[in-house]
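A look at the structure
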Amino acid sequence: MIGAVDIGGTKIAVGMVDDSGKVLSKLESPTDAPGGYANGLARMIEMLRRTSRDAGVEISGIGIGSTGVVYPGSGAFGDVDLLPGWRGNNPVQDLTREFKVTVALENDADASALGEAGWGAGKLKSRLIYVTVGTGIGGGIILNGQLYRGVDMAHPEISHHVIDPSGPDCSCGYRGCWESLATGPAMAAWFNANAVGDRPPQNLSAAQICQLAKRGDELAARAVDREAYYLGLGMANLINLFVPDVIVLGGSVMKSAALFLDGIRKVVRQGCRFVPNEKTELVLASLGEDANLIGAARAWHHRFRQGVGLPS
Ligand SMILES: [Zn+2]
């Protein structure tokens, strides 16, 4: 039974996940990053103890998926925007000491990729790219059944490949990154900037725009086409670069995936002609709202049970 810890910018979720990827019990707490790491750690420990009691199980290992830059090798937090002041702290060492079990830490998108590859929509696929599209874009890459790591075990940033160099400024320093063009807020910003004339001023979200498009609103339909185009360009780049078996799509924007999939496919077909792009499946993530928690547990399995240790 694996204790799973999902550390996000706004909340920490903790749960017990069995060997088939099922969540048996869970609890949540606000992250409260400014309250300090020691306070966050104390709540993680308390929630691990309570969820294991609730499920009536013993914890045999702990998997952590965390936002931002983390160091899977040392177990420490890097420079995490959303967790100011937590840098350098080491939840792997601290939870190992507390529970006397092995602990694995991964970036949360990598953890979710492992979850979908092990127990979800990408089961039995050896080359998988997980893409989550919501307020940002995140992703993880599994090659030949193993999580792909860069130099220094770094997590690749698939959201910061440039789609349009004359596009909007991005937080990373470039302009026109995938993340600056294809997130929910990017879609909403375009719609709201173009919603002029006899439309009352209203700040609609991407989800509301998708609803409007389904009801036949013309501007909303254009926003959907534009979103599908930019999603498609990013997917096409991933397909040209990796030719994966499958791209697994998660995140809040992908709840409306039915509106985008034809447009994405069209863009992919247009330019990925030197690779067998039609063989790359585009599928929806299947682990639902507990995907991050399940992924965190799978990170432990990947490290300690599948024998996929850390590269030297
Ligand atoms: Zn960027």
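All figures in this text were calculated on a predicted structure; none of them were measured in a lab. Every chain begins its residue count from 1, and numbering advances along the sequence as written. Reporting of local features is limited, given that this is a predicted model, to residues whose pLDDT is at least 70; pairs of side-chain atoms are given and counted only at 80 or more, and all residues count toward the totals for whole chains, interfaces and linings. Side-chain numbers come from the whole structure's heavy atoms, not from hydrogens or water.

Quick notes on unusual backbone geometry
With phi around 55°, Lys-100 is a residue other than glycine that occupies positive phi space. Segments assigned H or I by DSSP are reported as helices when at least four residues long, segments assigned E as strands when at least two residues long, and all are numbered from the N terminus. Along the chain, Lys-100 turns up in the loop between helix H2 (91-99) and strand E7 (103-107). We note that Val-243 has phi near 45°; this positive angle belongs to a residue other than glycine. Turning to its location among the elements, Val-243 is positioned in the loop between helix H7 (218-242) and strand E11 (246-250). Each residue is placed in one exposure class: buried if its accessible area under a 1.4 Å probe, protein chains only, is under 20% of its type's maximum, exposed if it is over 50%, and partly exposed if it falls in between. With a relative accessible area of 29%, Val-243 lands in the partly exposed category.

What to know about the sheet that holds strand E3 (residues 23-30)
The pairing criterion is simple: DSSP has to find at least two bridges between the two strands. Within the open sheet, the 5 strands sit side by side as E3-E2-E1-E4-E7. Their pairing is mixed. With one partner strand each, in any of the chains shown, E3 and E7 form the two edges of the open sheet. If you compare each strand with its neighbour and ignore which way they point, the axes differ by 15° on average. Where strand E1 (residues 2-7) meets strand E4 (residues 61-66), 6 bridges bridge the pair, whose relative direction is parallel. Its bridge partner being in E4, Gly-3 is matched across the sheet by Ile-62. This element, helix H3 (residues 108-119), spans E1, strand E2 (11-17), E4 and E7 of the sheet and lies at about 110° to E7. Axes, fitted as lines to C-alpha atoms, cover a helix only where it is in contact. Angles between the N-to-C directions of the axes lie from 0 to 180 degrees. Contacts are assigned to residue pairs with any non-hydrogen atoms lying within 4.5 Å of each other.

Topic: the coordination of the zinc ion
His-160 (ND1), Cys-170 (SG), Cys-172 (SG) and Cys-177 (SG) make up the full set of protein donors to the zinc ion, lying at 2.0 to 2.3 Å. Note that water is not among the atoms used; donors are N, O and S atoms within 2.8 Å of the metal (3.2 Å for Na, K and Ca), so sites may look incomplete. The rule is simple: four donors are tetrahedral if all their angles sit between 85 and 135 degrees, four are square planar and six octahedral if opposite donors span more than 155 degrees and the others lie between 65 and 115, and anything that fits none of that is irregular. Around the zinc ion, the 4 donor atoms sit at angles spanning 101 to 122°, and that spread fits a shape best called tetrahedral. Spacing between the donor residues of the zinc ion along their common chain follows H-x9-C-x1-C-x4-C. Taken together, the residues His-160 in the loop between strand E10 (146-147) and helix H4 (178-182) and Cys-172 in the loop between E10 and H4 connect sequence positions 12 residues apart.

A look at helix H6 (residues 206-214)
For H6, every residue scored as buried is listed here: Ala-206, Ile-209, Cys-210, Leu-212 and Ala-213. Summarising the axial view, the buried residues of H6 lie within an arc of 160°, below the 170-degree limit, and thus occupy one face. When the buried face of H6 is taken as reference, the exposed residues oriented beyond 90 degrees from it are Ala-207 and Lys-214. Where H6 is buried, its residues meet helix H5 (184-194), H7 and helix H8 (257-271). Directly beyond the C-terminal end of H6, a positive phi value near 100° is found at Gly-216. The directions from the helix axis to the C-beta atoms form the arc being described.

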